[in-house]
Amino acid sequence: MPKNTKVTQREHSNEPVTESVADLLSLEHPMDYKSSQMSMGLSPGSTAPVKALIPSPDPDAEDGRPAWNNKLEYILAQVGFSVGLGNVWRFPYLCQKNGGGAYLVPYFILLILIGIPLFFLELAVGQRIRRGSIGVWNYVYPQLGGIGVSSLMVCGFVGLYYNVIIGWSIFYFFQSFQYPLPWAECPIQINGSQATGMALHVILQSRSLAEVFVVPECDKSSATTYFWYRQTLNITSSIDDTGGLNWKMVLSLLVAWILVCLAVIKGIQSSGKVMYFSSLFPYLVLFCFLVRGLMLKGAVDGIAHMFTPKLEKMLEPQVWREAATQVFFALGLGFGGVIAFSSYNKRENNCHFDAALVSVINFVTSILATLVVFAVLGFKANIMNEKCVVDNAEKIIGFLNTGVLSKELIPPHINFSHLSTEDYAEMYRVIKTVKEDIFDQLGLDSCLLEDELNKAVQGTGLAFIAFTEAMTHFPASPFWSVMFFFMLINLGLGSMIGTMTGITTPILDAFKIRKEILCVACCVIAFLLGLLFVQRSGNYFVTMFDDYSAGLPLTVVVFLENISVAWIYGTERFMQDLEDMLGFRPYSFYYYMWKYVSPAILVLLIIATVIEMAISPAGYNAWVEAEGAERFHSYPPWALAMAYSLIVVAMLPLPIVFLLRHYNLISDGSNKLSVSYRKGMMKDISNLEEQDEQRFILGKNPSEAPSPMPAPRPYLGPGGTQEMTNTNYGTSTKTGYQNIGSPESEL
């Protein structure tokens, strides 16, 4: 301890004690205990202790920290943060890829083993300590204070590109207010100029058909694919060619950041109100799409395909790894948003119930979104399959007319004017059997519905290409398009509010700065940095950040969160804190999950992630204009260095903070505890204050008095008696909230 602290000066002084520990913690002026009624509960002039005349204030009510207006706002905020775009376009893809209904089994098991326990842990520490991610982990174990900094940096990386996706949705949203939809058909090129919609019909009336042809890039792909890559992104053919800024996307990104800024500028007082709409509206849209989708031809085929279990997939380690990763990110673990939101709760709030409720809502939402996606994709698959049958039937008619095929090969009951998929499948089998020697040269497709349903699509490909193409076949397609992209905007906005709260709350806890100024500054800086993603090559950088900036760093962050609470602070001690805070002791299930099962699964997940990164080629899918298709390209050296630097930069605070605090080069962070935290600690040290005051009254020397540091509860495992100690700053001390928040560290 520094020699010039008040505690040291008091211990070496012969003067009577005139300051209480509570005074030192709250940095207030010394109190005159002879005339104080609040400190000892004495009436003026009395010499014997009596009951306090004024009850102790509630720290939650008077600590000045903002609080949720009601429990519903808080639950909606947590749901809005955890339920995001990944529930709509990542979870359905994983179901399709990893065995359909069989994938739900490992997902649900891992949700129970790591999802709910770790979500409960983050809710509990945020609510108990009432600070953001940096302050929480400085408080639990200062040497691992880098956890909060790494969490904040990952939030920054993710927020940069996540809001670009919201910008894309905003662009599509405004493009949906026209009929026909601009991506419904390929543009026609006439003497070097393009035209679509009504303008095309006017031009066709005045020009010869010989001058008209479909844009080659669109003809080789599809109308929705062309609109996405050329009209929206105007993408380059490689990451090396930046192509300059795409000003349509710059404007969309600006609108997206303005929306985010307005939602978070007043903290939870503004974001809480926004959550009523942004969290609930997506469910309205999903239910509308589900009802409409079930009425479409082929919807049942899509849902049946999705839920048909492929049980053999459950034996593949890759399926379990992807299920664990999805559980991990679906709940927003490690981002800091969960901790930040829960820090605005009262300490007695039942966060155990909140953890279970939000986790179940998240899982049910993923199932609902999957039903909607596969109902619509089943409809699209039927449309594509019918188109395939028509195109190949025309090929067969041509072969019959030219004599390549004999008319005797065609079954007599087949009518080419009303050709069903079953009739085509029968005709296809006959031709393949009889003309086996020349069949490959005919170029006929099998046109199986199963093949269309097996085309796995995720991410932007699902939202902006596959789903968008399906909606062009809906009656009143502009209405459904407006609803869909407005839903995506709200889903993204809910997640961005949580991400921004995870950034601003730790900063506001540590520094005295107006939240309005901080929010505006963060949004302006993020918009300027986000210009990287609205170049013509910006989509490639979005892919890079999505692949590298969050996956491994966040897994390590949550693993260290688990270790710091379960092994350094002590699981039994943490369970006792939860009992004091909640009024009941959580199930023993959580004890074993936090101490053994969750850390083991996270270690396996980290190892599997590193192995996956090592064996998978680092690259991206580049759009080749001449082919109208994507081709995989490896990252150039500078891009590969940039990708790996994202991982390094995000994880660098962990060893840096550990070493700096291990060698006492920086403070433990407790001197930056907020006023709200110091006032909250008043209640915990009330007994210590009484001893301090009695020591003054009885005239004892300071050297005879007990140490002012409150003794922490020892860590005891189930049935154990061994006390857990920790070597901190060169001395052996007991770990725990009480140690880190002791009067010495406070001063």
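Residues numbered from 1 in each chain as written. Predicted model: local features only at pLDDT ≥ 70, side-chain atom pairs only at ≥ 80, totals over all residues. Heavy atoms only, no water.

Where an unreviewed UniProt entry is consulted, the protein chain appears under the name Transporter, with the organism given as Dissostichus eleginoides. The Subcellular location (unreviewed entry) comment attached to the protein chain in UniProt states, word for word, "Membrane". Here the protein chain is described in UniProt, under the heading Sequence similarities (unreviewed entry), as follows: "Belongs to the sodium:neurotransmitter symporter (SNF) (TC 2.A.22) family." (UniProt positions renumbered as here; feature names shortened; annotations may be inferred.)

Colleague: I would appreciate a short explanation of the UniProt feature "binding site: Na(+)" (unreviewed entry) in the protein chain in the present structure.
Modeller: The positions that UniProt labels "binding site: Na(+)" (unreviewed entry) are, in the present scheme, Gly80, Val83, Asn87, Asn362, Leu491 and Ser495. For the residues just named, distributed over 416 residues, the greatest C-alpha separation is only 12.8 Å, placing them together at one site. In this structure, Val83 sits in the loop between α4 (71-82) and α5 (85-89). Not counting residues within four places of it along the chain, the set of residues in contact with Val83 comprises Tyr283, Asn362, Thr365, Leu491 and Ser495. Of note, Asn362 is situated in helix α19 (residues 351-402). Using a relative accessible area of 2% as the deciding quantity, one classes Asn362 as buried. When residues no more than four places from it in sequence are discounted, the contact partners of Asn362 are Ser82, Val83, Asn87, Tyr107, Ala330 and Leu331. There is a polar contact of 3.2 Å between the side chain of Asn362 and the backbone oxygen of Ser82. (Helix = DSSP H or I, 4+ residues; strand = E, 2+ residues; numbered from the N terminus. Contact = heavy atoms within 4.5 Å. Buried < 20%, exposed > 50% of the residue type's maximum accessible area, 1.4 Å probe, protein only. Polar contact = N/O pair within 3.5 Å; in protein donor to acceptor, adjacent residues only side chain to side chain.)

Colleague: Can you walk me through the environment of Leu85 in this structure?
Modeller: Relative to the assigned elements, Leu85 resides in helix α5. Spatially, the C-alpha atom of Leu85 lies 8.4 Å from that of Ser495, the residues being 410 residues apart in sequence. With residues up to four places along the chain from it excluded, the contact list for Leu85 reads Arg90, Tyr162, Ile165, Leu488, Leu491 and Gly492.

Colleague: Quick question: what am I supposed to make of the pattern of salt bridges here?
Modeller: If charged atoms from side chains of opposite charge come close, those side chains can pair. Under the criterion given, the structure shown has seven salt bridges. Salt-bridge contacts for Glu516 lead to Arg514; the nearest nitrogen and oxygen are separated by 3.5 Å. Using a relative accessible area of 53% as the deciding quantity, one classes Arg514 as exposed. Salt-bridge contacts for Arg585 lead to Glu572; the nearest nitrogen and oxygen are separated by 2.5 Å. On the criterion of sequence distance, the pair formed by Arg585 in the loop between α27 (551-582) and α28 (588-615) and Glu572 in helix α27 is long-range, its members being 13 residues apart. In this structure Arg585 comes out as partly exposed when scored by relative accessible area, which is 33%. Within the structure, one salt-bridge network assembled from shared partners comprises Glu572, Glu579 and Arg585. (Salt bridge = Lys/Arg side-chain N within 4 Å of Asp/Glu carboxyl O.)

Colleague: What am I meant to see in α19 here?
Modeller: For an α-helix the count is 3.6 residues per turn, leaving residues at separations of three or four pointing the same way. End to end, α19 covers 75 Å across 52 residues, agreeing with the expected 76 Å (1.5 Å per residue, within 8%). Downstream of α19 by a residue or two, Gly403 has a phi angle that is positive, lying close to 85 degrees. (Expected span 1.5 Å × (residues − 1).)

Colleague: Is there a simple way to explain unusual backbone geometry in this structure?
Modeller: Peptide bonds are, in most cases, trans, and in most cases residues other than glycine have a negative phi. Following Tyr179, the chain continues into Pro180 via a peptide bond in cis, with omega recorded as -5 degrees. By secondary structure assignment, the location of Pro180 is in the loop between α9 (146-175) and β1 (188-190). The backbone of Asn234 shows a phi angle near 45 degrees, a positive value even though the residue is not glycine. Examined against the element boundaries, Asn234 turns out to sit in the loop between α12 (223-232) and α13 (247-264). Given the relative accessible area of 29%, Asn234 is considered partly exposed. The residue Asn664 is not glycine, and still its phi comes out positive at about 60 degrees.

Colleague: Looking at this structure, I do not really get the side chain of Asp354. What am I missing?
Modeller: Within the secondary structure layout, Asp354 lies in helix α19. Judged by relative accessible area, which is 0%, Asp354 ranks as buried. Contacts of Asp354, omitting those with residues within four sequence positions, involve Lys71, Tyr74, Ile75, Phe119, Leu123 and Asn349.

Colleague: Is there a simple way to explain the pairing of strand β4 (residues 619-624) in this structure?
Modeller: Where a strand is regular, its side chains alternate between the two sheet faces. By the criterion of burial, β4 is predominantly enclosed, with five of the six residues buried. Between β4 and the antiparallel strand that follows it, strand β5 (residues 629-634), lie four residues; Gly628 among them carries a positive phi value of about 65 degrees. (Pairing = 2+ DSSP bridges.)

Colleague: Explanation requested: the state of the cysteines in the structure shown.
Modeller: Each disulfide is one covalent bond, formed between the sulfur atoms of two cysteines. Overall, the coordinates contain one disulfide when judged by the stated rule. In this model, Cys186 is linked to Cys218 through a disulfide, with the two sulfur atoms separated by 1.9 Å. Taking the sign of the S-S torsion, -80 degrees for the link of Cys186 and Cys218, the bridge is left-handed. Within this pair, whereas Cys186 is found in the loop between α9 and β1, its partner Cys218 is found in helix α11 (residues 216-220), the two being separated by 32 residues in sequence. Take Cys261: it sits in no disulfide, and the sulfur closest to it among the cysteines is that of Cys523, at 4.1 Å. (Disulfide = S-S within 2.5 Å.)

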